[in-house]
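# Residue-level structural notes
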Amino acid sequence: MIQRTPYADALTYGLMIAGFLLLIGPLLVVIAGASQSVVQVNSIPFSFLPQGEFLTNAQTAWQRANLGNALLNSMIMATLVTIGKVALSAFTAFAIVFFRSPLKHIFFWTVFITLMLPLEVRVVPTYSVAADIFQPFRSILGWFGTEVSVEWNLLNSYVGLTLPLVATATGTFLYRQFFMTIPDELAEAARMDGSGPIRFFVEMLLPLSRTNMAALTTIMFVYAWNQYLWPLLMVTDPSYKTVMMSLRALLPAEDGTPDWNVTLAGSLIIITPPLLVVAFLQRWFVRGLVSSEK
């Protein structure tokens, strides 16, 4: 018997609405402020009603922060990082689950432990290697009395922006958990039909893991798009600046006009691509994380 609880339902809906407003509030401020003039955006109390100055503010922000080039760089960086993370995670989980090795659990937990070492923790040694690729090899050869003077760095390049961000334990864990739900009979049937490991991986496992792939794509694209510290270290050439680095150019000058409307308009432009990715992949994102379909 289902008991009606109108007061509990009203409280639940009230909490849901309050939580929704709390989450959507900052976005409403950005949308409203981006469409207002300097006088309107600095008026007290602040008006949450959109006005008609968005195109003017967006044009000013676009020119001030050179957002066209920054958006292109961020799009290339986020796309390469996402593709690299998804592909590497799938191959790693495939090897751990389907290849018989007494050390596969050690390999998995070694990869999984790296979750405790995010980029911010290992940024100094990672930057040291990226700034001089052959430094570790020169150190090893130096132990044997051999000196090598070859130098090569990844500064101011898309390789330097993306390669250190590609390895991920999160993606490997998600793929591993899904691959472990694949019946052993499916792999045995593929083997009896003459399917090799690569064919089994491409033609059977990848189509089955489309929802996991979409979920991981959403997470990794937003993760790469929001990177600030690593591009700040790797980029000294303005032509390789990303949108997160360009945010500083949108801030009003200390002794200038507080044109926060331009800042908010630029911020709205910057957050649009990840919002579109999340909106487009939302259904597969949720299904890939919580679905129990086999």
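Residues numbered from 1 in each chain as written. Predicted model: local features only at pLDDT ≥ 70, side-chain atom pairs only at ≥ 80, totals over all residues. Heavy atoms only, no water.

In the nomenclature of an unreviewed UniProt entry, the chain corresponds to sn-glycerol-3-phosphate transport system permease protein UgpE from the organism Agrobacterium pusense. Under the UniProt heading Subunit (unreviewed entry), the entry covering the chain gives this text: "The complex is composed of two ATP-binding proteins (UgpC), two transmembrane proteins (UgpA and UgpE) and a solute-binding protein (UgpB)." Under Sequence similarities (unreviewed entry), UniProt gives the following word-for-word description of the chain: "Belongs to the binding-protein-dependent transport system permease family." (UniProt positions renumbered as here; feature names shortened; annotations may be inferred.)

We now examine the pattern of salt bridges. Considering all chains together, one arrives at three salt bridges under this definition. For the salt bridge of Arg191 with Glu188, the shortest nitrogen-to-oxygen distance reads 2.9 Å. Note that Arg191 and Glu188 are positioned in helix 10 (residues 184–192) at a spacing of three residues, about one turn of the helix. What makes Glu188 partly exposed here is its relative accessible area of 35%. Between Glu203 and Arg199 there is a salt bridge, with the nearest N and O atoms lying 3.2 Å from each other. Of the two residues, Glu203 and Arg199 both sit in helix 11 (residues 197–208), four residues apart, roughly one turn of that helix. Note on Arg199: relative accessible area 47%, which makes it partly exposed. (Salt bridge = Lys/Arg side-chain N within 4 Å of Asp/Glu carboxyl O. Helix = DSSP H or I, 4+ residues; strand = E, 2+ residues; numbered from the N terminus. Buried < 20%, exposed > 50% of the residue type's maximum accessible area, 1.4 Å probe, protein only.)

This brings us to the packing of aromatic side chains. Overall, the coordinates contain 10 aromatic pairs when judged by the stated rule. Between Phe94 and Phe98 the ring centres are 5.6 Å apart and the planes differ by 40 degrees, which places this aromatic pair in the tilted class. Of this pair, Phe94 and Phe98 both sit in helix 4 (residues 67–98), four residues apart, which is roughly one turn of that helix. Taking the centre distance of 6.1 Å and the plane angle of 55 degrees together, the rings of Phe178 and Phe179 count as tilted. (Phe/Tyr/Trp six-rings, centres within 6.5 Å; stacked < 30°, edge-to-face > 60°.)

This brings us to the nonpolar core. Leu165, Trp225, Trp230, Met234, Val243 and Ile270 are the most contacted members of the largest nonpolar core, which has 31 residues in total. Among the elements that line this core, the one with the most residues is helix 4, at six residues. When neighbours within four sequence positions are excluded, Trp225 is seen to be in contact with Leu71, Ser74, Met75, Ala78, Val243, Met244, Ile270, Pro273 and Pro274. Core analysis: the second largest hydrophobic core is formed by 16 residues, Ala93, Tyr175, Phe200 and Leu205 among them. (Core = buried A, V, L, I, M, F, W, Y, C linked by side-chain atoms within 4.5 Å. Contact = heavy atoms within 4.5 Å.)

When pLDDT is averaged across the chain, the result is 82; 90% of the residues are at 70 or more. Mean pLDDT per element in the chain: helix 7 (residues 135–143) is the minimum at 67, and helix 4 is the maximum at 90. (pLDDT = per-residue confidence, 0-100.)

Moving on, we get to the packing of helix 4 against helix 8 (residues 158–166). Closest axis-to-axis distance for the helix 4/helix 8 pair is 9 Å, and the angle between their directions is 35 degrees. As helix 4 packs across helix 8, the resulting crossing turns out to be right-handed. Facing Asn73, Ile76, Met77, Leu80, Val81, Gly84, Lys85 and Leu88 of helix 4, the residues of helix 8 in contact are Tyr158, Leu161, Thr162, Leu165 and Val166. (Axes fitted to C-alpha atoms, helices over the stretch in contact; angles between N-to-C directions. Left-handed = near helix turned anticlockwise from the far one by under 90°.)

For the rest of this paragraph, the subject is the packing of helix 4 against helix 12 (residues 210–225). At their nearest, the axes of helix 4 and helix 12 sit 8 Å apart, and the two run at 140 degrees to each other. Judged by the inter-axis angle, helix 4 sits oblique to helix 12. Where helix 4 crosses over helix 12, the handedness of that crossing is right-handed. On helix 12, the residues touching Leu71, Ser74, Met75, Met77, Ala78, Thr79, Val81, Thr82, Lys85, Val86 and Ser89 of helix 4 are Met213, Leu216, Thr217, Met220, Phe221, Tyr223, Ala224 and Trp225. Each residue belonging to the contact of helix 4 with helix 12 can be placed in one class, and the counts come to 13 nonpolar, five polar and one charged. (Parallel < 35°, antiparallel > 145°, perpendicular 65-115°, else oblique. Nonpolar A, V, L, I, M, F, W, Y, C, P; charged D, E, K, R; others polar.)

Our next topic: helix 15 (residues 260–280). End to end, helix 15 covers 30 Å across 21 residues, agreeing with the expected 30 Å (1.5 Å per residue, within 8%). Thr272 marks the point of greatest bend in helix 15, at about 35 degrees, and the proline Pro273 comes within the next four residues. (Expected span 1.5 Å × (residues − 1). Bend = angle between axes of the 7 residues up to and from the residue.)

Glancing now at unusual backbone geometry. Following Ile44, the chain continues to Pro45 via a peptide bond in cis, the omega torsion being 0 degrees. Looking at where Pro45 falls in the secondary structure, it is placed in the loop between helix 2 (38–41) and helix 3 (54–65). Located in the positive-phi region is Asn66, a residue other than glycine, with phi close to 50 degrees. With respect to the helices, strands and loops of the structure, Asn66 is situated in the loop between helix 3 and helix 4. For Asn66, a relative accessible area of 46% puts it in the partly exposed group. A positive phi angle is found at Asn156, which is not glycine, with a value near 55 degrees. Tracing the chain through its elements places Asn156 in the loop between helix 7 and helix 8.

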